[in-house]
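In case you want the letters, here they are:
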Amino acid sequence: MATTNDLKNGMVLKLDNGQLWSVVEFQHVKPGKGGAFVRTKLKHVLSGKVVDKTFNAGTKVETATVDKRGMQFSYKDGSDFVFMDTDTFEQMPISPEVVGDAANYLLEGFEAVVAIYEGQALYVELPASVELVIEYTEPGVQGDRSTGGTKPARLETGYEIAVPLFITTGEKVKVDTRDGGYLGRVNS
């Protein structure tokens with residue numbers, strides 16, 4: 001148990017019949033009249049739904065101990081993604097629903113953070129950007145500039161993103177894992 005005065009970003013709370021909510025942001029408000037309160041923005045850990053919730057200052061809230069472990073993506077077993085704990089070498093199959101959009105950027109050997117609560121994986125967190133090779137894109141045409149249009153390109157994971165016209169097949173690019181945006185070329 002903790003009070004609303006102890007809230008921090010990233011803390012996971014157990015609210016509404018045991019549902020897990022992560023604190024995205026919080027603000028202590030002390031109006032000139034009346035009691036102080038805490039305004040929060042909470043994200044549902046499983047569904048990703050974000051809600052605003054206000055608590056009276058000092059209200060007790062139940063916290064959930066979520067274990068965030070560094071894991072390495074090993075392979076795909078049927079529809080499940082198998083991750084290996086980099087400390088214990090224990091393997092853990094994770095369903096595609098839990099992996100979510102992270103599946104678009106996973107290659108064997110990629111490091112990720114897996115949040116685990118009571119032995120169950122809640123979500124997979126990738127770094128803000130990853131470096132992947134362009135598996136195929138239409139060839140560039142003379143006159144293509146660095147500014148201007150984009151074209152579709154298929155990454156080595158099979159995911160398709162929009163890249164500038166001058167990018168060619170086989171090039172390594174940096175991709176934003178939050179929105180799938182092209183961030184730039186990687187010079188090796």
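The rules behind these values
- Residues numbered from 1 in each chain as written.
- Predicted model: local features only at pLDDT ≥ 70, side-chain atom pairs only at ≥ 80, totals over all residues.
- Heavy atoms only, no water.
- UniProt positions renumbered as here; feature names shortened; annotations may be inferred.
- Pairing = 2+ DSSP bridges.
- Helix = DSSP H or I, 4+ residues; strand = E, 2+ residues; numbered from the N terminus.
- Axes fitted to C-alpha atoms, helices over the stretch in contact; angles between N-to-C directions.
- Salt bridge = Lys/Arg side-chain N within 4 Å of Asp/Glu carboxyl O.
- Buried < 20%, exposed > 50% of the residue type's maximum accessible area, 1.4 Å probe, protein only.

The protein appears in an unreviewed UniProt entry as Elongation factor P from Peterkaempfera bronchialis. In its Subcellular location (unreviewed entry) section, the UniProt record describing the protein reads: "Cytoplasm". Turning to the protein, the UniProt annotation filed under Sequence similarities (unreviewed entry) states: "Belongs to the elongation factor P family."

Draft legend 1. Layout of the sheet that holds strand 15 (residues 172-176). As summarised here, the arrangement of the five strands in space is 14-13-12-15-16, forming an open sheet in which the pairing is antiparallel. On the outer flanks of this sheet lie strand 14 (160-164) and strand 16 (182-185), each paired with one strand and no other. Taken pair by pair, the neighbouring strands of this sheet meet at an average axis angle of 50°, ignoring direction. Of the pairings in the sheet, the one linking strand 13 (residues 150-155) to strand 14 comprises five bridges and is antiparallel in character. Following the sheet pairing, Ala153 is matched in strand 14 by Ile161.

Draft legend 2. Spotlight on the pattern of salt bridges. Here the structure, examined in full by the defined rule, presents six salt bridges. For Asp85, the salt bridge identified is with Arg69, shortest N-O distance 3.6 Å. Of this pair, Asp85 sits in strand 8 (residues 80-85) while Arg69 sits in strand 7 (residues 67-77); the two residues are 16 residues apart in sequence, bridging distant segments of the chain. Salt bridges sharing partners connect three or more residues here, namely Asp67, Arg69 and Asp85.

Draft legend 3. Looking closely at unusual backbone geometry. Backbone geometry places Asp16, a non-glycine residue, at a positive phi of 45°. Locating Asp16 in the fold gives a position in the loop between strand 2 (12-15) and strand 3 (19-29). Backbone geometry at Glu118 places phi at a positive 50°, although glycine is not the residue there. With respect to the helices and strands, Glu118 occurs in the loop between strand 10 (111-117) and strand 11 (120-125). The class of Glu118 is exposed, set by a relative accessible area of 66%.

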